[in-house]
Amino acid sequence: MAHKPSTIAIHNGLNEDSQFGCVVPPIYLSSTYNFTDFNEPRSHDYSRRGNPGRDIVQRTLAQLEGGSGAVVTNSGMSALHLLCTVFLQPGDLLVAPHDCYGGSYRLFNSQHERGAYQVQFVDQNNEAELQAALDKKPKLILIETPSNPLLRIYDIEKIARLAHDAGALVVVDNTFLSPILQQPIALGADFVVHSCTKYLNGHSDIIAGTVIAKEEKWATELTWWANNIGVTGGAFDSYLLLRGIRTLSPRIKQQQSNAQEIVNYLKTQPLVGKLYYPSLKDHIGHKIAVKQQKGFGAMLSFEFNGDEQQLRHFLGTLTLFTLAESLGGVETLISHTATMTHAGMSAEARAAAGITDSLLRVSVGIEDSQDLVADLDNAFKIAAQH
Ligand SMILES: *Cc1c(COP(=O)(O)O)cnc(C)c1O
């Protein structure tokens with residue numbers, strides 16, 4: 001019987017230990033495994049190729065996303081790099097979002113420059129621009145929704161259909177929502193990629209990634225290449241990732257409910273300009289979000305309607321919002337996009353992407369929402385006095 005995501009997240013790997021009856025699977029640190037006899041290997045021979053703990057978390061991720069198999073890698077970037085290495089040859093075209101994650105932009109651009117493959121960045125909500133890129137017969141198209149940091153929504157079902165008509169494979173970076181809130185394979189994607197560093201682990205204490213494949217033949221190929229180039233995830237990280245995934249569903253629900261309460265509060269604040277959160281009726285793609293997501297997530301952005309001195313007082317007064325990059329952990333983080341996550345972009349490129357110097361991005365945690373709102377309220381009051 002197929003279980004629901006929160007049951008899959010809890011039950012994978014439990015009670016599998018036949019030696020001691022451990023309820024929770026142990027961490028297998030051994031890098032190598034003995035052969036039972038001459039030419040008689042066991043299920044595992046070397047930990048780069050296969051590790052029992054990594055096997056469990058890979059199986060869990062594949063089940064959560066509705067794929068045939070998954071590979072866990074040592075970062076989100078290596079997951080994307082693995083996928084591109086396997087499916088793109090010199091001359092092949094990758095179509096990527098114009099507002100994709102900064103590290104992804106840098107990876108694709110640098111690989112393009114050294115001739116590993118071609119990349120074209122397009123606004124996938126601009127139909128003419130998307131179709132013109134698809135007319136060039138790309139091998140692979142990457143969709144990232146909601147986007148970072150403006151949380152623009154892209155229609156996975158529609159873009160996947162157009163991409164398949166053009167003969168391309170479709171990968172969705174599902175980092176911002178997790179399989180609890182969005183399941184791209186059911187919407188037509190061939191692969192799902194995550195930075196497991198974010199919501200899947202959820203405790204900001206590992207760097208990890210995954211590629212999940214819809215078809216078994218692709219999962220087999222990705223698994224072979226992950227061992228070949230040596231990007232598979234380690235035993236400790238796999239353990240922490242599996243442990244984090246067990247609480248994914250309640251974490252996301254609490255984070256999302258906190259986010260909505262913060263949005264309700266921010267709407268009333270004079271020092272808040274434009275607000276970006278997919279539940280807002282005027283948000284770009286709100287209707288698509290309602291259709292393709294099971295919730296609006298826990299990332300939000302807003303423009304701070306004050307001068308730099310006020311912004312410094314606001315950020316300096318907050319005690320429950322840590323000024324840091326990254327997202328998806330149980331603790332609330334706030335970042336100033338122009339000087340932090342998107343500092344690598346030129347001012348012109350930021351302006352073209354709609355990112356102003358007053359934009360703040362919040363990854364909402366699981367603290368008490370009243371405490372979070374009170375902390376914001378206090379910081380806005382102090383800022384207003386300057
Ligand atoms: C963080 C992130 C990545 C990169 O993942 P790492 O684990 O940091 O290597 C890729 N895509 C998105 C959307 C991310 O937020």
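Residues take numbers from 1 onward in each chain, read along the sequence in its written order. With the structure being a predicted model, the display of local features is reserved for residues of pLDDT at least 70 and the display and counting of side-chain atom pairs for 80 or more, all residues being used for whole-chain, interface and lining totals. The basis for the side-chain values is all heavy atoms of the structure; hydrogens and waters are excluded.

Visitor: Which parts of the structure should I look at to understand the UniProt feature "modified residue: N6-(pyridoxal phosphate)lysine" (unreviewed entry) in the chain?
Guide: According to UniProt, the "modified residue: N6-(pyridoxal phosphate)lysine" (unreviewed entry) feature falls on Lys198. Within the secondary structure layout, Lys198 lies in the loop between strand 6 (191-195) and strand 7 (209-213). Once residues within four sequence positions are removed from consideration, Lys198 is found in contact with Thr175, Ser326, Leu327 and Gly328. UniProt positions are given in the numbering used here, feature names are shortened, and annotations may be inferred rather than shown by experiment. Strands here mean DSSP runs of E at least two residues long; helices mean DSSP runs of H or I at least four residues long; both are numbered from the N terminus. Whether two residues touch is decided by their heavy atoms; if any such pair falls within 4.5 Å, the residues are in contact.

Visitor: I keep staring at the pairing of strand 2 (residues 93-97) and nothing clicks. Help me out?
Guide: The side chains of a regular strand alternate between both faces of the sheet. Of all five residues making up strand 2, five are buried, and the element is well covered by its neighbours. Burial of strand 2 is two-sided: the residues Leu93, Val95 and Pro97 facing one way and the residues Leu94 and Ala96 facing the other way are all buried. Across five bridges, the pairing between strand 2 and strand 3 (residues 118-122) is parallel. Across the sheet, the residue bridging to Pro97 is Val122, located in strand 3. Pairing between strands is defined by DSSP: at least two bridges between the two strands are required. Looking at chain direction, strand 2 and strand 4 (residues 140-144) are connected through two bridges and run parallel. Bridging across to strand 4, Val95 finds its partner in Ile141. Classification of residues uses two cut-offs on accessible area relative to the type maximum, computed with a 1.4 Å probe and protein chains only: under 20% is buried, over 50% is exposed, and between them is partly exposed.

Visitor: I would appreciate a short explanation of helix 9 (residues 248-266) in the present structure.
Guide: A turn of α-helix holds 3.6 residues, and therefore any two residues three or four places apart point the same way. Helix span, as expected, comes to 1.5 Å for every residue beyond the first. In this model helix 9 runs 26 Å from its N-terminal to its C-terminal C-alpha over 19 residues, within 8% of the 27 Å that 1.5 Å per residue would give. Buried residues of helix 9: Leu248, Ser249, Arg251, Ile252, Gln255, Gln256, Asn258, Ala259, Ile262, Val263, Tyr265 and Leu266, and no others. Packed against the buried residues of helix 9 are helix 1 (5-11), helix 8 (235-246), strand 8 (272-276), strand 9 (299-304) and helix 13 (369-384).

Visitor: I tried to follow the environment of Gly188 on my own but got confused; where do I start?
Guide: Along the chain, the position of Gly188 falls in the loop between strand 5 (169-173) and strand 6. You can call Gly188 partly exposed: its relative accessible area is 22%. Linking Gly188 and Val172, residues 16 residues apart in sequence, is a C-alpha distance of 9.7 Å. With residues up to four places along the chain from it excluded, the contact list for Gly188 reads Ala160 and His164.

Visitor: Help me understand the pairing of strand 5, please; the structure alone is not making it clear to me.
Guide: Among the five residues of strand 5, five are classified as buried, and the element is accordingly described as predominantly covered. Going residue by residue along strand 5, you find Leu169, Val171 and Asp173 tucked away on one face and Val170 and Val172 tucked away on the opposite face as well. Summarising the sheet, strand 4 and strand 5 pair through five bridges and their orientation is parallel. Its bridge partner lying in strand 5, Leu142 is registered against Val171. As for the winding sense of the linkage, the β-α-β connection from strand 4 through helix 6 (residues 156-165) to strand 5 is right-handed. Relative to strand 6, strand 5 runs parallel, the two sharing three bridges. Within strand 6, the residue paired with Val172 across the bridge is Val192. Orient the strands so they point away from the viewer, and a crossover whose first-strand-to-second-strand path over the helix runs clockwise is right-handed.

Visitor: Sorry, what's going on with the sheet that holds strand 6 here?
Guide: Strand-to-strand pairing in sheets goes through backbone hydrogen bonds, with the strands running parallel or antiparallel. Pairing is mixed across the open sheet formed by seven strands, whose spatial order is 1-7-6-5-4-2-3. Two strands lie at the open edges of the sheet, namely strand 1 (69-73) and strand 3, each paired on one side alone. Adjacent strand axes in the sheet meet at a mean angle of 20°, parallel and antiparallel pairs treated alike. Between N-to-C directions, angles span 0 to 180 degrees; the directions come from axes that are lines fitted to C-alpha atoms, helices contributing only their stretch in contact. In the packing of helix 3 (residues 76-87) onto the sheet, the strands contacted are strand 1, strand 2, strand 4, strand 5, strand 6 and strand 7, and the crossing angle to strand 6 comes to about 150°.

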